[in-house]
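Chain and residue survey
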Amino acid sequence: MAQCEKHADRTRNVFMGTVAGCALVISGMLWWAHDVKNDLNADEKEMASFEALFRGMPEFQKVDGHNYVRIVKGTEKNDIENEGGQTVHGRYAQVWYKP
């Protein structure tokens, strides 16, 4: 009877230790997942602000040794007036500049 009681106590202790270990692992995983979710939310907000910034920027590409620029929609003009007051005919777009 004493031997059965020892085995039962040992089995209970191992089982309770396993339950405690699993609880620690699960709580650690939940804490980590919550931290990752918070970081992801912050990164999504930052990407949205970058998207708003980059939407207004022209895109520069180098193709076959020539430089090309994507014109930002809504900034294009057909005729502009230069500093001398003369009208310059052609297709122009506003240059994006950030000091």
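Everything below is about the structure printed above this text.
As a starting point, this report considers the structure included with it. (Residues numbered from 1 in each chain as written. Predicted model: local features only at pLDDT ≥ 70, side-chain atom pairs only at ≥ 80, totals over all residues. Heavy atoms only, no water.)

**Considerations on the overall build of the protein**
Tallying secondary structure elements over the protein gives 1 helix and 4 strands in all. Mapped from its N terminus to its C terminus, the protein presents α and β elements in the order α-β-β-β-β. Taking all 99 residues of the protein together, 2% fall into the buried category. A fraction of 9% describes how many contacts in the protein between residues 6 or more apart in sequence connect residues 24 or more apart. Summed over its atoms, the accessible surface of the protein is roughly 9400 Å², and 60% of this surface lies on carbon and sulfur atoms. (Helix = DSSP H or I, 4+ residues; strand = E, 2+ residues; numbered from the N terminus. Buried < 20%, exposed > 50% of the residue type's maximum accessible area, 1.4 Å probe, protein only. Contact = heavy atoms within 4.5 Å. Areas by Shrake-Rupley, 256 points an atom, 1.4 Å probe, with all protein chains shown as cover.)

**Here we look at a nonpolar patch on the surface**
A cluster of nonpolar side chains, M47, F50, L53 and F54, forms an exposed patch at the surface whose accessible area comes to about 390 Å². Structurally, F50 can be placed in helix 1 (residues 2-55). Since its relative accessible area comes to 34%, F50 is described here as partly exposed. (Patch = residues over 30% accessible without salt bridge, like charges linked within 9 Å, V, L, I, M, F, W, Y side chains within 5 Å. Salt bridge = Lys/Arg side-chain N within 4 Å of Asp/Glu carboxyl O.)

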